[in-house]
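# Survey of secondary and tertiary structure
Below are the chains, spelled out letter by letter.
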Amino acid sequence: MRLYFVRHGIAEDLATSDFARELTKRGARRVAASAKVMARLSLQPSRIWSSPRLRARQTAEIIAEALELDVTLTDTVNFGFDRAGLRALTRHASEDDELMFVGHNPDMSLLVSELTGVDVSMKKGGLARIDTIGKTVEQGELVWLIAPKVFDALAEAAQPGAEPASCQPGTPAQKMPSTSQPVHRLIAGRWSPVGFDPERPIKRETLLSILEAARWSASSANLQPWRFIVAPRDNREEFDKVLSVLKEGNVTWARHAAVLMLAVAHRYPKPDFYHRHASHDLGLAVSQMVMQALDCNIYAHQMAGIFPDKAREVYAIPDEFEPLTAIALGYRAAGLDHLDERQRGREAAPRQRNELRDIVFTGSWAQAADFLGEDRK
Ligand SMILES: Cc1cc2nc3c(=O)[nH]c(=O)nc-3n(C[C@H](O)[C@H](O)[C@H](O)COP(=O)(O)O)c2cc1C
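Residues numbered from 1 in each chain as written. Predicted model: local features only at pLDDT ≥ 70, side-chain atom pairs only at ≥ 80, totals over all residues.

## Notes on the overall build of the chain
Worth spelling out the cut-off: Secondary structure is summarised from DSSP: a helix means a run of H or I of at least four residues, a strand means a run of E of at least two, and numbering begins at the N terminus for each. For every residue, the other C-beta atoms within 10 Å of its own C-beta are counted; 20 or more classify it as buried, 12 or fewer as exposed, and values in between as partly exposed. C-beta atoms are placed from the backbone. By definition, residues are in contact whenever their C-beta atoms, placed on the basis of the backbone, come within 7 Å of each other.
Helices and strands together make up the secondary structure of the chain, namely 13 helices and 10 strands. In terms of principal-axis extent, the alpha carbons of the chain reach across some 80 × 55 × 40 Å. Across the 377 residues of the chain, 35% fall into the buried class. Excluding contacts between residues fewer than 6 apart, the proportion of contacts in the chain whose partners are at least 24 apart in sequence is 69%.

Shown next as structure tokens:
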């Protein structure tokens, strides 16, 4: 289990009661900056428990907003939070769960110290990550102890404007293949899940960035032969319309996606000009879209399994265009209960690829290139 312990941010000294002490403006700003860093670090707790005291609750809510989660208030994380409380809150959790607790000192520091055997003093707004050892929550390894100053430095180091405001960048972790050579983490981490989270929409700004990424793709003669028919899930009528042109095998899982789209190629930019590279360019644009999405922890699953003629009819697509594929976009679901057994098997299956020597030639067909070295064999 991965446990995150957060001490509330800087709060005002006085209020009508200790319970009502709010975060100061600076405290709230700092927590908000830290929360963005947490999102960058791919923190994905399934639950955030908070002490109901206002300063802890506000801290938890700011973090929850950045991680797109809800907060559960509980007195267990209030003053006196201890191992018994932790045991109680985690009794239904599984070994793979990530959970977060937002509370107070001295309990947070004491608890983290007790669990890890390391003498820890948590600053206001600080975060400790403990990975439990074995089946018990009573013992764990202190993986991170991030002081607010470190959060400040990490927040400053993040380039502003490099990603959409609503994006939660992260490093894909599941199904990382063992590549024969190092490749970019987004390339290694991309795969085609069927386990989309039906409850989690993609924010408009993020979706626009994903589409913008496609727009800036290279294309033969800059003909830009890509068109996309896009249906976010909350537009039920349009979403169902895309579903109606998918083959049944794809509908079973694609219906859980946050966004569905059809990718259409401009086949005849002029009446007598068949654009041979339209599919190539459309694929390139989709690839950029897929990577942009994954940088925000959003996965894509492309589908050839569509009914092109039906798509043409449903959307009145002119003859000069050809519907080629559909794309499902969405966040991965934390649990896979909504999938059938076969789909769950698919999620767990290792990813397979041909060897470099089978695809990279020099000199003549099927002659593996010399520069492959050891990889030639
Ligand atoms: C153009 C294209 C069409 C695809 N069509 C389907 C499809 O109709 N149904 C499906 O389940 N997967 C489909 N896939 C997903 C592939 O099966 C998947 O990309 C491939 O098995 C490699 O797995 P990975 O993407 O997880 O690495 C398609 C992928 C592409 C690029």
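## Details of the sheet that holds strand E6 (residues 140-146)
Where we set the bar: By definition, two strands form a pair when at least two bridges between them are found by DSSP. Axes, fitted as lines to C-alpha atoms, cover a helix only where it is in contact. Angles between the N-to-C directions of the axes lie from 0 to 180 degrees.
Read across the sheet, six strands follow the order E3-E2-E4-E1-E5-E6 without closing on themselves; strand pairing throughout is mixed. Unpaired on one side and paired on the other, strand E3 (71-73) and E6 mark the two borders of the sheet. The mean inter-strand angle of the sheet, taken between neighbouring strand axes irrespective of direction, is 20 degrees. Bridge analysis of strand E5 (residues 127-132) against E6 gives six bridges, and the strand direction is antiparallel. Across the sheet, the residue bridging to Leu127 is Ile146, located in E6.

## Looking at helix H2 (residues 54-67)
Defined as follows: Given the number of residues in a helix, its expected span is that number minus one, multiplied by 1.5 Å.
Helix length check: H2, at 14 residues, gives a terminal C-alpha distance of 20 Å against a target of 20 Å (1.5 Å per residue), a fit within 8%. In terms of burial, H2 is a largely internal element, 11 of the 14 residues being buried. Of all the positions in H2, only Arg55, Ala56, Arg57, Gln58, Thr59, Ala60, Glu61, Ile62, Ile63, Ala64 and Ala66 are classed as buried. Contact partners of the buried residues in H2: strand E1 (2-7), helix H1 (25-40), strand E2 (47-50), E3 and strand E4 (98-103). Taken from the residues just after H2, Glu68 is the one with a positive phi, measuring 55 degrees.

## Brief notes about the nonpolar core
When a protein is soluble and globular, its nonpolar side chains tend to lie buried together. Applied cut-off: Joining buried Ala, Val, Leu, Ile, Met, Phe, Trp, Tyr and Cys residues through C-beta atoms within 7 Å gives a set, and that set is a nonpolar core.
Judged by nonpolar contacts, the single largest core of 42 residues is most densely connected at Ala263, Ala293 and Leu329. Every element with two or more residues in this core is listed here: helix H7 (204-215), helix H9 (248-254), strand E8 (259-266), helix H10 (278-294), strand E9 (299-303) and strand E10 (321-330). The biggest single contributor to this core is H10, with eight residues. Those residues in contact with Leu329 that sit more than four places away from it in its chain are Ile202, Ala257, Ala258, Val259, Ala293, Ile298 and Ala300.

## Observations regarding the site of the ligand
How we decide: Here is the check we use: build the C-beta atom from the backbone, and if it is within 6 Å of the molecule or strand, call the residue near. Classification used: nonpolar for Ala, Val, Leu, Ile, Met, Phe, Trp, Tyr, Cys and Pro, charged for Asp, Glu, Lys and Arg, polar for all others including Gly.
The environment of the ligand is formed by Trp191, Ser192, Asn250, Gln302, Met303, Ala304, Gly305, Thr325 and Arg351. Split into classes, the residues belonging to the shell around the ligand amount to three nonpolar, five polar and one charged.

## Description of the domain arrangement of the chain
Applied cut-off: Domain start and end points were adopted from an automatic or database domain assignment.
Per the domain assignment, the segments making up the chain are domain 1 (2-157) and domain 2 (185-358). When each unit is reduced to the centre of its C-alpha atoms, the spacing between domain 1 and domain 2 is 37 Å.

## Some words on the environment of Arg2
By the secondary structure assignment, Arg2 is in strand E1. Overall, Arg2 belongs to the partly exposed group, with 18 C-beta atoms counted inside 10 Å. Each C-alpha atom of the pair Arg2 and Asp97 lies 6.3 Å from the other, and the pair is 95 residues apart in sequence.

## Considerations on the environment of Asn222
As for its position among the elements, Asn222 is in the loop between H7 and strand E7 (226-232). Remark: the alpha-carbon pair of Asn222 and Asp281, spanning 59 residues in sequence, is separated by 9.4 Å.

## So, the packing of H1 against H2
Stated formally: By the definition used in this description, the sense in which the near helix is turned from the far one sets the handedness, with an anticlockwise turn below a right angle giving left-handed and a clockwise turn giving right-handed.
One way to put it is that H1 packs onto H2 with a least axis distance of 8 Å and a crossing angle of 35 degrees. Handedness of the H1/H2 crossing: right-handed. Where H1 abuts H2, its residues Ala28, Val31, Ala32, Ala35, Lys36, Met38 and Ala39 lie against Gln58, Thr59, Ile62, Ile63, Ala66 and Leu67. Counted by class, the contact of H1 with H2 contains 10 nonpolar, two polar and one charged residues.

## Considering the sheet that holds E8
In spatial order, the strands read E7-E8-E10-E9; together these four strands make up an open sheet with antiparallel pairing. Each edge of the sheet is formed by a strand with only one pairing partner; in this case those strands are E7 and E9. Across the sheet, the mean angle separating the axes of adjacent strands is 25 degrees when strand polarity is ignored.

## Description of unusual backbone geometry
Of note, the bond from Asn105 into Pro106 is cis; its omega dihedral lies within 30 degrees of zero at 5 degrees. Inspection of the secondary structure puts Pro106 in the loop between E4 and helix H4 (107-116). Positioned with a positive phi, Asn222 is a non-glycine residue whose angle comes to about 50 degrees. You can call Asn222 exposed: it has 7 C-beta atoms within 10 Å.

## Thoughts on the packing of H7 against H10
Closest axis-to-axis distance for the H7/H10 pair is 7 Å, and the angle between their directions is 145 degrees. In this structure, the crossing between H7 and H10 has a hand that is right-handed. Residues Ser209, Ile210, Leu211, Ala213 and Ala214 of H7 form the contact with H10, whose own contacting residues are Ala285, Val286, Gln288, Met289, Gln292 and Ala293.

## Comments concerning the environment of Trp226
Here Trp226 lies in strand E7. Separated by 60 residues in sequence, Trp226 and Val286 have C-alpha atoms that sit 8.8 Å apart.

## Remarks on the pairing of E4
Note that E1 and E4 share six bridges and pair parallel. Paired with Arg2 across the two strands is Glu98, which belongs to E4. As defined by bridge partners, E2 adjoins E4 across four bridges and the pair is classed as parallel. Note on E4: the bridge partner recorded for Ile48 is Met100.

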